[in-house]
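Residue strings, one per chain:
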Amino acid sequence: MSAQINKINFAERQSAKMQVYDSALLNNPALSELKDLWQYRDLLMQLIARNIKTRYKRSVLGILWTMLNPLLMMLVLTFVFSNVFRFQQPHYAAYALAGVALWNFFAQTTTGAMSELIWGGNLMNKIYLPRSIFAASALGTSLVNLLLTLIPLFVVMAITGVPFRPALLILPLPILLTAMFALGVALILSRVAAYFADVLEMYQIFLTAWMYLTPIIYPKEIISPDLQWLFNLNPMYHLIEIFRAPLLIGWLAGPKTVLASTAAAVVTLAFGWWYFSRKADELAYRI
Amino acid sequence: MSLLTESDNPKPVDKLTETAASDDDMVIRLENVSVVYQAPRERIKTFKEYVIRKVKRQVEHQQFNALSDVSLELRRSEVFGLIGHNGAGKSTLLKLVSRVMRPTRGRVWVKGRIAPLLELGAGFHPELSGRENIFLNGTLLGYSRAEVEKLFDGIVEFSEIGDFIDAPLRTYSTGMTGRLGFAVATATRPDILIVDEVLSVGDEQFQEKCAERITDFRQQGTTILLVTHSSELVQRICDRAAWLDHGKLCGIGQPAEIVHLYHERYHLTSPVTESEIVEPEPIEPKPVEAEPVVAKVIVTEDFLAEETETLSEIIAVSREVLALEQQALEKEWFYPYRLPSGRKVQCYLPPEIAIIHGNRWAMVKTVLRQTFGQDWSQLDCLDIGCNQGFFSVKLAEHDCRNVVGLDARQQNIDDADLIRQIYELNNVSFRLGDISKIEPTSLPQFDVTLMLSVLFWQENPIGVLRTAKALTKNLLVIETPVAPEIFGEMDWGSREVHKPLQGSFALLDLTEESKRPLGSLTELSFCPGRESLIWLLQKLGFSSVELVLPAPDAYEQLTSGSRMMVVARV
């Protein structure tokens, strides 16, 4: 057998430009998944472009919706919470809009990854694609939406008199950490969703509950100190904190928050990637 | 070639591995591959159910062997057939090869690019434009953006999308979508093409181009992996075949042998003829002879009506025939022949004129059907002035017992014979001979004689008609342009004596035509009018002469009466 394998290797060298696939060389699924995702980066861009284009292609306002949607939601929230509940949150409008923007980024990435994976099921059965491409394109799509939402956010900040401070320059860091966390969750959910049809629906209910348990539309100060430990376990709580801090306080959030969110992001992504790529091959016949 | 069954050899290894064939030629290699699915005994669809059962410890897993210990090698440019029932493991094998799935045990090795069997248009998005979809689909198939950019113009041109390229895909017809999908999928030559028997090529006009592309790929060394449960198809087109049953490779070798085994196992009636089955020497590695393919030039009434062929029919053409087709494609033809691979020869008649061939065939066919019924297997036919053999080939395809095509030019005879070989017809032959010069006794008599587009080139049409009459046992079909009519009478020796005219003949100068390579044989012709031809045929002893009327949408010269077809019965 080894003589035959040597012969193959020789043939491989002879026709170096021909792509060769050898199942025996796939010992590290996590690494090869990463390599393949890089190889298919152009497809990733195409998928993101497709998602953005098709979402608004037949609507009059087009891409403006991405910006108007959270803006309108913010107006409703501001009215309800400032006048009905009478929260004493300074700059409530910017506070709520920032929270909603980052939450949407997370929620869209995780749900999008599942529905795209299911959409791609038919294709995945016929041709090879790095399976993580669907989670990655969901992430890319939501990232574009987040960046577009920053525009109305800055407008609201300017109108409501929130000062623009140099700390805004560190905004990419919380976005990156949230992206890592969201991708990790998306990958875990994708693998489970491939096996069970009801995961997406269950997750959506869970997501609503999760949102209300995260200080997005209400000030974190209203949390009872007895429950603070529960909030501390919520990675999204920390991530939203470090996203808001440079916008509203003008500085990085506290070291504990930064540490907690970095740890959550790194661990979730590492675990998610490993968990997903380990069974990536099976996904094709599960969907 | 080794034939393996489970009992003879627990570890099937194709003998090809042991031959000295260079490994450079290998494109797919499976080494002792097994795929084991582990699945819950009952299908658990929801997470909720799974959790509940898990808690109650009701989840029982069972193992299912989709493939067990399969070893297989495919080489460059071979056509390899995979047969087996549903669930035999064919699609699992395809998934392994196209990298969609990884084997549980063993090794899969594939060299080169695989063109997958996508349903045409899979992966397209209806809201995106054709342009955007080309990029999306191209990158899905593993091309980089830069590569798609390079291929873009070729794809657009091939798919004939034209100005629609920037319109959203939902505005496209099914045909357009199919064309675009095929154009993207085959924008570069794949090293391996996976063909499913049911996959059709798209709409009719586009088919010829698809066929041409696939045939090109084959000639340049693309390996074709055909998956089917039709053993007949495997036998007809494959170089080698393998039979999978319940995940096991039950045999690999010559298609005929594999099909035989397969049928033995299932006690099916083999499509192979009786004698081939009984033959007790299956070791002899004779190439499986392609059955005389019932050619596909024309089946319907109208010759130019196209049929939709499936990909597998197109690749069904043997290598020998492909080589002959290549010769035919390098020539110009008077007839728009459609070759078995689905490609069309270059026809120097513009399509609006070329329809006349189809019209005339439809007319001849109608006459023969009315006279002899559907079964022409007892008919001997002569095709005078057969040119490049179109009508002779048609008659032969319709199972006439024997057809002779006669033409005065060696070039035409050679061309006609090339077509005969391409269609693998044994009941037609072509002979050199000039109808105006041959002795009627040099040929036997024929049930049917065709003389299409011959009479108006003759300087002695009456002599030609006499010869034709002598050669005809039953039916003479003549088609020709006709001269204008002159009626009345002429003086016959004195003003008192008159002879009525029986019609007219036109004297024509063919000096120009006779200088052309395939023009007239003589510089003069004496072309009959309609009345004179009918009268002459009666005079020559035919018992009845009938006019054959063209379909209303036939070529203008036929419908206007400038050309006509008559049938004279002995």
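See the structure printed just above.
Residues numbered from 1 in each chain as written. Chains lettered and ligands numbered in written order. Predicted model: local features only at pLDDT ≥ 70, side-chain atom pairs only at ≥ 80, totals over all residues.

J.: Give a detailed account of the sheet that holds strand β14 (residues 428-432) of chain B, specifying residues and quantitative values.
T.: All names here are of chain B. Judged by pairing direction, the sheet is mixed, and its 7 strands sit side by side in the order β14-β13-β12-β15-β16-β22-β21 without closing on themselves. This sheet does not close on itself; its edge strands, each paired only once, are β14 and β21 (544-548). Adjacent strand axes in the sheet meet at a mean angle of 20°, parallel and antiparallel pairs treated alike. Packing against the sheet, helix α17 (residues 530-539) makes contact with β21 and β22 (563-569), and its axis sits at approximately 10° to β22. (Pairing = 2+ DSSP bridges. Helix = DSSP H or I, 4+ residues; strand = E, 2+ residues; numbered from the N terminus. Axes fitted to C-alpha atoms, helices over the stretch in contact; angles between N-to-C directions. Contact = placed C-beta atoms within 7 Å.)

J.: How would you explain helix α11 (residues 235-249) of chain A if you had to name every residue and give the values?
T.: Residue and element names in this part refer to chain A. In a regular helix each residue adds 1.5 Å, so 15 residues correspond to 21 Å; α11 covers 20 Å between its end C-alpha atoms and thus fits that length. The sharpest bend along α11 reaches about 25° and sits at F243, with the proline P246 one to four residues further on. Taken across its 15 residues, α11 has 13 buried, putting it largely inside the fold. One or two steps after α11, the chain reaches G250, where phi turns positive at roughly 90°. (Expected span 1.5 Å × (residues − 1). Bend = angle between axes of the 7 residues up to and from the residue. Buried ≥ 20, exposed ≤ 12 C-beta atoms within 10 Å, placed from the backbone.)

J.: Quick rundown of unusual backbone geometry? Include the residues and the values.
T.: All names here are of chain B. Positive phi outside glycine occurs at D69, with the angle close to 50°. Looking at the element boundaries, D69 is found in strand β2 (residues 61-75). When the 19 C-beta atoms within 10 Å are taken as the criterion, D69 is described as partly exposed. Even without being glycine, E160 reaches a positive phi, approximately 55°. Looking at the secondary structure, you find E160 in the loop between α4 (145-159) and α5 (174-185). When the 15 C-beta atoms within 10 Å are taken as the criterion, E160 is described as partly exposed.

J.: Any chance you could break down the environment of T104(B) for me, citing the residues and the numbers?
T.: Residue and element names in this part refer to chain B. Checked against the element boundaries, T104 lands in the loop between α2 (90-97) and β4 (105-111). Sequence separation of T104 and V35 is 69 residues, and the distance between their C-alpha atoms is 4.8 Å. Ignoring any residue separated from it by four or fewer positions in sequence, one finds T104 in contact with S34, V35 and V36.

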